[in-house]
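Each chain, letter by letter, is given below.
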Amino acid sequence: MSTLLPISVLISGSGTNLQAILDAAGDGRLPVRIVSVISDQADAYGLTRAAKSGVPGMVLEAAGGMNREGYDQALGTLLEKSNPGLVVLAGFMRILSAGLVRDWEGRMLNVHPSLLPGYRGLHTHRRVLEAGESHHGTSVHFVTEELDGGPVIAQAKLRIGPGDTEQTLNARVQALEHRMYPAVIRWFAQDRLRMADGHVELDGTRLREPVIRDEETWLRS
Ligand code: GAR
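The shown structure was predicted, so the numbers you read here are calculated from the model rather than taken from an experiment.

The rules we used
Residues numbered from 1 in each chain as written. Predicted model: local features only at pLDDT ≥ 70, side-chain atom pairs only at ≥ 80, totals over all residues. Heavy atoms only, no water. Core = buried A, V, L, I, M, F, W, Y, C linked by side-chain atoms within 4.5 Å. Buried < 20%, exposed > 50% of the residue type's maximum accessible area, 1.4 Å probe, protein only. Helix = DSSP H or I, 4+ residues; strand = E, 2+ residues; numbered from the N terminus. Contact = heavy atoms within 4.5 Å. Axes fitted to C-alpha atoms, helices over the stretch in contact; angles between N-to-C directions. Parallel < 35°, antiparallel > 145°, perpendicular 65-115°, else oblique. Left-handed = near helix turned anticlockwise from the far one by under 90°. Nonpolar A, V, L, I, M, F, W, Y, C, P; charged D, E, K, R; others polar.

Caption draft 1: Examining the nonpolar core more closely. In this structure, Ile-7, Val-9, Val-37, Ile-153, Val-184, Ile-185 and Leu-193 are the most contacted members of the largest nonpolar core, which totals 45 residues. With ten residues, helix H6 (residues 166-189) is the single largest residue contributor to this core. Apart from residues lying up to four places away in sequence, Ile-185 is in contact with Ile-21, Leu-30, Val-32, Leu-86, Val-88 and Leu-109. Grouped together as the second largest cluster of nonpolar side chains are 16 residues, Leu-75, Leu-96, Val-101 and Met-108 included.

Caption draft 2: Expanded view of the environment of Gly-15. Here Gly-15 is to be found in the loop between strand S1 (5-11) and helix H1 (16-26). Using a relative accessible area of 11% as the deciding quantity, one classes Gly-15 as buried. Sequence separation of Gly-15 and Gln-167 is 152 residues, and the distance between their C-alpha atoms is 17 Å. Those residues in contact with Gly-15 that sit more than four places away from it in its chain are Gly-46 and Arg-49.

Caption draft 3: Fine view of unusual backbone geometry. Following Leu-116, the chain continues to Pro-117 via a peptide bond in cis, the omega torsion being 15°. As for its position among the elements, Pro-117 is in the loop between strand S5 (108-112) and helix H5 (124-130). Of note in this structure, Asp-203 is not a glycine but carries a positive phi near 50°. With respect to the helices, strands and loops of the structure, Asp-203 is situated in the loop between strand S9 (199-202) and strand S10 (205-206).

Caption draft 4: How the structure looks around the packing of H1 against H6. Interaxial distance between H1 and H6 falls to 9 Å at its minimum, and their mutual angle equals 50°. What the angle tells us is that H1 and H6 run oblique. In the packing of H1 onto H6, the handedness of the crossing is right-handed. Counted together, Thr-16, Asn-17, Ala-20, Ile-21 and Ala-24 of H1 and Gln-174, Glu-177, His-178, Tyr-181, Pro-182 and Ile-185 of H6 form the full contact between these two elements. Grouping the constituent residues of the contact of H1 with H6 by class yields six nonpolar, four polar and one charged.

So, in structure tokens, the structure goes:
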């Protein structure tokens, strides 16, 4: 019997990516066991999704006066108790301190809704539209101390149409994330993927660029 990789998922909101991971794990497409879901928002719908799947959900809110280091120490303690082999940031909207990131380096992934290194930070859909870009997308990367700056593993790329709005781009990007993120987590769980010397290695080969697939290809996968 193959072993399941224990993972913790960190969320702040709706948790549609969490749902995609729960679904893939639930029907055997993803060899992971979700040992904890941690939210910094008590009302995050993702916590309901976790509860419906019987996965332990935890809330860690930034109490008044708690600074980033204090919060991240508490978060680190929670993570250590869950003892995951991989931490998955899925719409977790806090910036992590350097110490916490270092503790989990090579064992922490994030999904960011842009074609990194372009459009780090917030409001990516609005900013690509305002800039008149022809393409947009989303990226999964290893988390390093540089915000949205860690080595990129995979990207999903879409062509922006004349009718696209922030809302349509959000929906198209998320549909791609729901395919790509479980796929990347599967590579990690299968020991095919690792970070070495600040670079991505897939199947023993250092990637010179991320695995980039277009919208149709990811949706077919
Ligand atoms: C996702 O689209 C993800 O790319 C984005 O938040 C959304 C969470 O959606 N992450 C970031 O912006 C991180 N900088 P979800 O809660 O439905 O999974």
